[in-house]
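Here's the letter readout for the chains.
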Amino acid sequence: MEEIRIPALLDAHVHLRQGRLLTAVAPYTERCCSAAVLMPNTDPPLDTPERLEAYQAEVRGHFKHCQPLWTFKLTEKTSLADVVHFKKLGCVAAKLYPEGVTTNSAGGISLDVLGNVGKGRDMPLDRTLQSLCDYSIVLSCHGELPGLFCLDREAGFLYHLGRIMHRFAALRVVLEHISTRKAAEFVTLRGYANRLAATITAHHLLLTLDDVLGDKLAPHHFCKPVAKRPDDREALWELVLQGHPNVFLGSDSAPHLRGDKECAAGCAGVFTAPVLPEVLFELFEQRQALDLIPRFTSQNAQRFYGLTPSERTITVLRHGWTVPKECAGVVPFRSGDVLSWRLVTPA
Ligand code: DOR
Ligand code: ZN
C-alpha cells in the first residue's frame, strides 16, 4: 500500500479549550504534530501570566511528542511587566482579538484603541506593541473588523494592520486564517517581506460560502472568518502552490459541542483536528502538490517562529476510511465522508 512519510505537522493555530474538552481533543493534535501554537481565547482567557501558568499546568500532561507553543491574549490592560512575564513563560505570540469579533473575544481591543494605534498619541496599546518588538514576541491577529458587513471584515482590518506595521517597523506579525484574495495580496506586499506571515486553515482551502449556506444551512462549516467566494479560495491556493515562505498551516481547529453548533445562535468553529493530515493530503493531491506539504505544514512556520526543526515524522497511508459522525461530543470536519489517506498511528 502506498505510504508517505513527512515531518510531523506544526499547527500554528489551534484551540484546545480546557477541562473535559481539552482532554478529549488534545490527543488529535498530539498524534500528528511536532508543535502547536495554542490559542488563548479560553474561558477565562489567557490574559494574565497567572492564568497562563495555570493553563500550562493543565495542558502539559496531555502532550508527549507535541510541543505546546504558548500565546496570551492582548487586552487594553496588558502591562510591560505582563509582557516580560509572558516571555519568561515561553510565549511566542500575543493574540490580538478586536473586541467582540469571535468566540470569547470580549475584553479584546476596542475599535477606538485599534484606530488610534500609530497616530502618535501615547496609547497603552502602542507601548505594548513596542514591547512585543523589544521582546521578540509575534503579534498574532484575528484579522477582522467587527461592525462591518461580515464579508468585508477581513479587508477592513487590513487598513489597521498596515498602519500598525508601518508604525512598528520591527514588529513581526501573523495574520491568522486568511480567507480573502485581498488578505492574500496584502501578505505578498514586498515591503513587509519577512516580518508578515499568514496562516491558512484546511477548511478555507476547501470550503466556500456555498458550503455554509448555499444549500441547507451547514453549522459545522460555520467559522470566523466565514469561508468566502471561489476566487478567494483560489487566492489562498495560489500562495500555497507558489510555496510562499511565510504562508503556513494554522488549522484553527475549534471544537464546540454539537448542541452549541446546532442551535439558534450557533458558535463559529470547524473541528478539523481529527482529520487534519488526512484532509491536507487529499487536498494537496487534488492539486498535484503532495511535494509542497512539508513546506506548508511545518518548515515555513518553523522558520518564521525560529524553532528548531523537530525530528518527529508521521506516516500517511493510502487507505480509505470513513470519518466518524462524532468525536467526544463534537462533530468533526468531513464527518461521515470517506477519505482516501489515513495517518498511521505509531504503536
Ligand atoms: O471559527 C472560529 N472559531 N474562529 C475563531 O476565531 C475562534 C474559533 C473558536 O475559538 O471557536
Ligand atoms: Zn482561532
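Source: prediction; values computed, not measured. Per chain, residue numbering runs from 1 following the sequence as it is written. For naming, the first written chain is A and the first written ligand is 1, with later ones following in the order written. A pLDDT threshold of at least 70 governs which residues receive local features in this predicted model, and a stricter bar of 80 or more applies before side-chain atom pairs are shown or counted, although totals over entire chains, interfaces and linings include all residues. Hydrogens and water molecules were not included; the side-chain quantities draw on all heavy atoms of the structure.

Chemist: Can you help me understand the pattern of salt bridges in this one?
Modeler: Any Lys or Arg side-chain nitrogen located within 4 Å of an Asp or Glu carboxyl oxygen qualifies as a salt bridge. Under the criterion given, the structure shown has 11 salt bridges. Among the ionic pairs, E278 bridges to R31, the shortest N-O distance being 3.0 Å. Taken as a pair, E278 in helix α11 (residues 276-286) and R31 in the loop between α1 (19-30) and β3 (33-38) lie far apart in primary sequence, 247 residues in all. In terms of burial, E278 and R31 fall into one category: buried. A salt bridge links E326 to R258, with the shortest nitrogen-to-oxygen separation between them at 2.8 Å. Here R258 lies in helix α10 (residues 258-261) and E326 lies in the loop between β10 (313-322) and β11 (338-344), a separation of 68 residues in the sequence. For E326, a relative accessible area of 39% gives the class partly exposed. Comment: elements are numbered from the N terminus, with helices defined as DSSP H or I runs of at least four residues and strands as E runs of at least two. Only protein chains enter the area calculation, which uses a 1.4 Å probe; residues under 20% of their type maximum are buried, those over 50% are exposed, and those in between are partly exposed.

Chemist: It is not clear to me how the nonpolar core should be interpreted in this structure. Could you clarify?
Modeler: Formed by 95 residues in total, the largest nonpolar core has its most connected members in L129, L139, L175, I178 and F284. Any two residues whose heavy atoms approach within 4.5 Å at even a single point are treated as in contact. Setting aside chain neighbours within four positions, we find L129 in contact with L74, V117, L139, I164, F168 and L171. To qualify as a nonpolar core, a set must consist of buried Ala, Val, Leu, Ile, Met, Phe, Trp, Tyr and Cys residues joined through side-chain atoms within 4.5 Å. Judged by nonpolar contacts, the second largest core, of 18 residues, contains L10, V92, A93 and F304.

Chemist: Can you help me understand the coordination of the zinc ion (ligand 2) in this one?
Modeler: Note on metal geometry: ideal angles are 109.5 degrees for four donors arranged tetrahedrally and 90 or 180 degrees for six donors arranged octahedrally. Distances from the zinc ion (ligand 2) to its protein donors, namely H13 (NE2), H15 (NE2) and D252 (OD), fall within the range 2.0 Å. In this description, a donor is an N, O or S atom within 2.8 Å of the metal centre, a cutoff extended to 3.2 Å for sodium, potassium and calcium. Water is not part of the atom list, which can make sites seem incomplete. Each donor residue of the zinc ion (ligand 2) belongs to the same chain, with the gaps between them written as H-x1-H-x236-D. By relative accessible area, which is 1% here, H13 ends up buried.

Chemist: Can you walk me through empty space enclosed by the protein in this structure?
Modeler: Unfilled space is identified by rolling a water-sized probe across the atoms. Here a cavity denotes a set of grid points, spaced 1 Å apart and computed over the protein atoms alone, in which a 1.4 Å probe fits but from which it cannot get out, and a pocket denotes an open set meeting protein on both sides within 12 Å along at least five of seven lines; residues with an atom within 4 Å of a point are reported as lining. Grid points are joined across faces, edges and corners, and a volume is the space filled by probe spheres set on the points. If you walk through the whole model with that rule in mind, you get four cavities of 30 Å³ or more. Surrounding the largest cavity, 19 residues form its lining, H15, T102, K224, D252 and A254 being those nearest its centre. Asp, Glu, Lys and Arg are counted as charged, while Ala, Val, Leu, Ile, Met, Phe, Trp, Tyr, Cys and Pro are counted as nonpolar; the rest, among them Gly, fall into the polar class. The class makeup of the residues in the lining of the largest cavity is five nonpolar, 10 polar and four charged.

Chemist: Would you mind going over the sheet that holds strand β1 (residues 3-7) with me for this structure?
Modeler: In spatial order, the strands read β1-β10-β11; together these three strands make up an open sheet with antiparallel pairing. Looking at which strands have only one partner, the edges of the open sheet turn out to be β1 and β11. For this sheet, the mean inter-axis angle between neighbouring strands, taken without regard to orientation, is 35°. The pairing of β10 with β11 spans six bridges and is classified as antiparallel. Looking across to β11, one finds that L317 is bridged to R342. Note on geometry: axes are C-alpha line fits, over the in-contact stretch for helices, and angles between N-to-C directions span 0 to 180 degrees. Lying over the sheet, α11 contacts β1, β10 and β11, oriented at roughly 125° with respect to β11. Pairing between two strands is assigned when DSSP locates at least 2 bridges connecting them.

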